[in-house]
Amino acid sequence: MKRFGMLVMSTAMIGILAGCGQDEDVPTEAVLPEPIEVELTVPEQGNINEPVTLTTLVTQGEENVEDASEVEYEIWEEGKKEDSIHVETTNDKEGIYSAENTFETDGIYHVQVHVTARGMHIMPEKQIQIGDATQQSDGHESAKEDQHHEHGEGVEGLSLHFMQPEEAIVETDTELMTHAQLDGEAIEAQVRYEIISADKETTWVDTEESKPGEYTANYQFPKVGSYQVIIHIENEDIHEHEEHTVEVK
């Protein structure tokens, strides 16, 4: 009987402990943050020498993102990406960032917004027609196609955004970061920096993909001065490069 009683008590205790265990929170895997979403609004048409308003809404789930670390517009005429300009935005609160730009010539223009917020980077792109741009646009398309045939460059839909270092100090680690996307999606590729000093000394630096589409490397510039930093991106379908300048103090 004693053995039977002990067995019953043991069974009861196990049941109680099991019940208590069900009430406790069981650790689960960390929940990933929701991605940020970017809604770029650009008019389909505009007139020369008249300001055009560009707006961007940044959200994360149901929340408006008012603390984006970067929202900047990059604008260039069709076929002239190398002559792009950057326009800073105003934080209008409730997740809306806006800017005005005046176009001085007829043409088809690309408007791309670079948004960095909460550790993520998105850069959607739209087009706007300024004035009577049909004939001019066709000419640019032909010129761009010729350039493609001659140089094998200018991959359609490819976007490279180099994060200009806030301060580059000689013989100190400087982070070089590039965001790469194809048609608005992060792209996987080999990304390297070709760094050329004023006296034409060249160094190649490999990057690591710290996040999807985000390629970083640390480099110590050996001397004070201006350096060319050329981004080279390559995979089975792409072989492209883009040049920037970094001033080292």
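Up top is the structure.
Residues numbered from 1 in each chain as written. Predicted model: local features only at pLDDT ≥ 70, side-chain atom pairs only at ≥ 80, totals over all residues. Heavy atoms only, no water.

A. Quick look at the sheet that holds strand 16 (residues 202-206). The sheet built from four strands is open, its strands ordered 16-15-19-20 with antiparallel pairing. Sheet topology places strand 16 and strand 20 (239-248) at the edges, where each strand pairs with a single neighbour. The average undirected angle you get between the axes of adjacent strands in this sheet is 25 degrees. Note: strand 15 (residues 190-196) against strand 19 (residues 225-234), seven bridges, orientation antiparallel. Note on strand 19: the bridge partner recorded for E194 is I230. (Pairing = 2+ DSSP bridges. Helix = DSSP H or I, 4+ residues; strand = E, 2+ residues; numbered from the N terminus. Axes fitted to C-alpha atoms, helices over the stretch in contact; angles between N-to-C directions.)

B. Spatial organisation of the environment of I238. Secondary-structure assignment places I238 in the loop between strand 19 and strand 20. Placed 83 residues apart in sequence, I238 and V155 show a C-alpha to C-alpha distance of 7.0 Å. The contact partners of I238, leaving out residues within four places of it in the chain, are V155, L158, L182, I187 and I233. (Contact = heavy atoms within 4.5 Å.)

C. Broad picture of the pairing of strand 20. Of the two faces of strand 20, only the one carrying E240, E242, H244, V246 and V248 is buried; H239, H241, E243, T245 and E247 on the other face are not. Looking at chain direction, strand 19 and strand 20 are connected through ten bridges and run antiparallel. The partner of E234 across the bridge, within strand 20, is H239. The antiparallel pairing of strand 19 with strand 20 creates a hairpin that spans four residues between the two strands. (Buried < 20%, exposed > 50% of the residue type's maximum accessible area, 1.4 Å probe, protein only.)

D. Layout of the side chain of T116. Within the secondary structure, T116 is located in strand 9 (residues 107-117). Residue T116 is classed as buried on the basis of its relative accessible area of 14%. At 2.7 Å, the side chain of T116 and the side chain of H121 are in polar contact. (Polar contact = N/O pair within 3.5 Å; in protein donor to acceptor, adjacent residues only side chain to side chain.)

E. Spatial organisation of the environment of N235. Take N235: it is sitting in the loop between strand 19 and strand 20. Relative accessible area serves as the criterion here: at 27%, N235 is assigned to the partly exposed category. Residues N235 and E188 lie 47 residues apart in sequence; the distance between their C-alpha atoms is 7.7 Å. Beyond its immediate stretch of four places on either side in the chain, N235 contacts I187, E188 and A189. From its side chain, N235 meets the backbone nitrogen of D237 in a polar contact 2.9 Å long. Side-chain polar atoms of N235 contact the backbone nitrogen of I238, separated by 2.8 Å.

F. Structural context of the pattern of salt bridges. All chains considered together, the criterion is met by six salt bridges. Here E77 and K80 are joined by a salt bridge, their closest N and O atoms 3.7 Å apart. Note that K81 is salt-bridged to E242, the shortest N-O span being 3.8 Å. Note that K81 is positioned in the loop between strand 5 (70-77) and strand 6 (85-88) and E242 in strand 20, a separation of 161 residues in sequence. The class of K81 is partly exposed, set by a relative accessible area of 25%. Salt bridges sharing common partners tie together E63, D67 and R118. (Salt bridge = Lys/Arg side-chain N within 4 Å of Asp/Glu carboxyl O.)

G. Structural context of unusual backbone geometry. Phi angles above zero are rare outside glycine, and R118 is one such case at about 55 degrees. When you line up the elements, R118 lands in the loop between strand 9 and strand 10 (120-122). Its relative accessible area of 32% is what places R118 among the partly exposed residues. Of note in the backbone geometry, D183 takes a positive phi value of approximately 55 degrees without being a glycine. Note that D183 resides in the loop between strand 13 (173-182) and strand 14 (185-186).

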